[in-house]
Amino acid sequence: MRGHDRINACLPDEVILEIFRHLDSKASRDACSLVCKRWLALERLSRTTLRIGASGSPDLFVKLLALRFVNVKNIHIDERLSVSIPVQLGRRRGNEQSALSSLKLHYLTEISPDEGEFQFESYCLSDAGLNALAEGFSKLEKLSLIWCSDISSLGLISLAQKCIYLKSLDLQGCYVGDQGLAAVGKFCKQLEDLNLRFCEGLTDMGLVDMALGCGKSLKSLGVAACVKITDVSLEALGSHCKSLENLSLDSEFIHNKGVLAVAQGCPLLKVLKLQCINVTDDALIAVGNRCSSLELLALYSFQQFTDKGLRAIGHGCKKLKNLTLSDCYFLSDMGLEAIAAGCSELTHLEVNGCHNIGTMGLESIGRSCQRLTELALLYCQRIGNLALLEVGKGCKFLQALHLVDCSSIGDDAICSIASGCQNLKKLHIRRCYKIGNKGIVAVGEHCKSLIELSLRFCDRVGDEALIAIGQGCSLQHLNVSGCHQIGDAGIIAIARGCPEVSYLDVSVLQNLGDMAMVELGEGCPLLKDVVLSHCRQITDVGLSHLVRNCTLLESCHMVYCPGITAAGVATVVSGCVNIKKVMVEKWKVSERTRRRAGTVISYLCVDL
């Protein structure tokens, strides 16, 4: 009834707060906050997470946030993001503080200064801002400070003293010192997750003090590019961090001694990621013997690691589910056979650039690891069709297959995957020149659940393949960049058969023209991202048909399309209310279009 407020008059604050907590999107929460002052205040009370970028005065920015959102427990500050403050000149009065206080703090946007706009310079969060954060958010449990280069140990000490409930701390790229990290260990006794990637100011002293202080609670640690952190730190972890479950190390200064200490002292280890060129088989043998709970193992760029270490993993880590082997040059089929024999629960396998692993190793995986759901083979020249024949026979639950530069894999392998792995949802293939229409047609006939298909630079794939896909699958993501045999017929089949497509990359298709654009506009109303670059036959006419019906379009790449002119660019900018990024040659953007939408336009080349 008009004039009566039935909600505010009947519902107490607690009920409205509970409703706000169940809203599943930020946009919905923001809309509720605009209903009335009461709802605005309650929505602020219910907000538990904030994301902040670099702003005009970040220290003041944090103070203002603390006044508005008193129950926040999770804060993410990333100085690679920018927050610009548009101000209509002549309409706003007051100083910089009043401008900041009226800013809608919920949104992160990247806005370039233009006529009628004012943009504050970007500064970095300082120790003063970190102190303000600590004072304003005493209930903080999770804090990410990404590349905040101006904070130091002083700010971190202040934070640690006041935010004693902190459970997760990400200091990636922050130049904090040992004293700050020691304070975290001393005061934050509930800390479980710590990321120290690219914290170049740290030494063993800081990490050892941290382990002594909060080692009992620590479960996850990441270290990368910290040249002064050595095996001494890992020995402290092994002695004091008995609950450690996740360890990621990227360092040239870690040797067997440190990894051995962790393997012996952290029996609950579940995730181990190593990019340590001085670690050898001895360390991996210790992991295999001691870490029976290991579920994820990722080994990158190992120069001294052989089948001997991998056999130990296969023998001792029966719970292993996820294995990544990248640029491990001395591994062979024997190592992969040991994994297949011992790790039957394996669900994810990535083999990248391990040139001595061939068909036999992967055949054993196909026969023994029947729970495999994702397989990635990158730059594996020695793996042939027989390997995927076995995977197709044995791995009925496979949902994702990634193939890059696997020159020995052809249509027979893809046909086997299609007929045997009918739950396949994602198929990504790049530069596998033996794969053509036959294999992709089989996918269209058998894999009805396929939602992502990428066939980049597979020059034997043509319209016949996409016609089968359009008839058999409900794609949401399609990338056929560089498949020069694909033309209008194939894309029209997708437009008519896959109405849920939201991402489409048809770049470098020389035979694609306006008819396909017309059909896409009529058949794919959910399209958000489209890449048309290097399509020489698409013109402004086809682009206008696409834009007219694809009202959700957010990004459009159309560089090196001679048939698209400044008029076509203007059509995209004016016709797509949700557009966020347009990539085009600079000379095709008129002055009027630049004034209207300069913030969304990107240039691949400045002068063409």
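Just so it is clear, the structure is predicted and the values come from calculations on it, not from any experiment.

What counts as what
Residues numbered from 1 in each chain as written. Predicted model: local features only at pLDDT ≥ 70, side-chain atom pairs only at ≥ 80, totals over all residues. Heavy atoms only, no water. Helix = DSSP H or I, 4+ residues; strand = E, 2+ residues; numbered from the N terminus. Buried < 20%, exposed > 50% of the residue type's maximum accessible area, 1.4 Å probe, protein only. Lys, Arg positive; Asp, Glu negative; His and termini not counted. Salt bridge = Lys/Arg side-chain N within 4 Å of Asp/Glu carboxyl O. Polar contact = N/O pair within 3.5 Å; in protein donor to acceptor, adjacent residues only side chain to side chain. Contact = heavy atoms within 4.5 Å. pLDDT = per-residue confidence, 0-100. Phe/Tyr/Trp six-rings, centres within 6.5 Å; stacked < 30°, edge-to-face > 60°. Patch = residues over 30% accessible without salt bridge, like charges linked within 9 Å, V, L, I, M, F, W, Y side chains within 5 Å. Areas by Shrake-Rupley, 256 points an atom, 1.4 Å probe, with all protein chains shown as cover. Charge placed at Lys NZ, Arg CZ, Asp CG, Glu CD. Pairing = 2+ DSSP bridges. Right-handed = clockwise from strand over helix to strand, strands pointing away. Disulfide = S-S within 2.5 Å.

Draft legend 1. Highlighting the side chain of D540. Turning to its location among the elements, D540 is positioned in helix α23 (residues 540–549). The charged side chain of D540 is buried without a salt bridge, its nearest counter-charge being K588 at 7.3 Å. A distance of 2.4 Å separates polar atoms of two side chains, one belonging to D540 and the other to T565. Polar contacts involving the side chain of D540 include one to the main-chain amide nitrogen of G568, which spans 3.5 Å. Those residues within four positions of D540 in sequence are excluded, and the remaining contacts are G563, I564, T565, A567 and G568.

Draft legend 2. Structural view of the confidence of the model for the protein chain. Scored by pLDDT, the protein chain has a mean of 89; 91% of the residues are at 70 or more. A low-confidence stretch, residues 83–122 stays under pLDDT 50, and its non-local contacts, those more than four residues away or across chains, total 71 contacts.

Draft legend 3. The arrangement of the packing of aromatic side chains in detail. Counted under the stated rule, the structure contains two aromatic pairs. Summarising the aromatic geometry, the rings of W147 and F198 are spaced 5.7 Å apart at their centres and angled 25° between planes, so their arrangement reads as stacked. Here F198 lies in the loop between β5 (193–197) and α10 (204–214) and W147 lies in the loop between β3 (142–146) and α8 (153–162), a separation of 51 residues in the sequence. On the basis of relative accessibility, which here comes to 29%, the residue F198 falls in the partly exposed class. Here the aromatic rings of F302 and F305 are separated by 5.4 Å at their centres, their planes lie at 65°, and the arrangement is edge-to-face. Note on F302: relative accessible area 0%, which makes it buried.

Draft legend 4. Local environment of the pattern of salt bridges. For the structure on display, the rule yields ten salt bridges. Residues D405 and R431 are paired through a salt bridge, measuring 2.8 Å at the closest nitrogen-oxygen approach. Of the two residues, D405 sits in the loop between β13 (400–404) and α18 (411–420) while R431 sits in the loop between β14 (426–430) and α19 (437–446), which places them 26 residues apart along the sequence. On the basis of relative accessible area, R431 is assigned to the partly exposed category, the value being 27%.

Draft legend 5. Quick peek at a positive patch on the surface. A contiguous patch of positive charge on the surface is contributed by K219, K270, K319, K321 and R371. Note that K321 resides in the loop between α14 (307–316) and β10 (322–326).

Draft legend 6. Structural view of the pairing of β10. Among the five residues that make up β10, four are buried, leaving the element largely enclosed by the rest of the structure. Bridge count between strand β9 (residues 296–300) and β10: five bridges; the pairing is parallel. Across the sheet, residue L296 finds its bridge partner in β10, namely N322. Crossover handedness for the path β9 to α14 to β10: right-handed. Summarising the sheet, β10 and strand β11 (residues 348–352) pair through five bridges and their orientation is parallel. Looking across to β11, one finds that N322 is bridged to H348. For the handedness criterion, the β-α-β arrangement of β10, helix α15 (residues 333–342) and β11 is classed as right-handed.

Draft legend 7. Broad picture of helix α22 (residues 514–523). Within α22, seven of the ten residues are buried, which leaves it mostly tucked inside the rest of the structure. Of all the residues in α22, the buried ones are A516, M517, V518, E519, L520, G521 and G523. Tucked into the core, α22 has its buried residues touching α21 (488–497), β17 (503–505) and α23.

Draft legend 8. Structural context of the state of the cysteines. Considering all chains together, one arrives at zero disulfides under this definition. This cysteine, C188, is not joined by any disulfide, and C214 carries the nearest cysteine sulfur, 7.2 Å off. The class of C188 is buried, set by a relative accessible area of 0%. The thiol of C483 is not disulfide-bonded; the next cysteine sulfur, from C458, is found 5.3 Å away.

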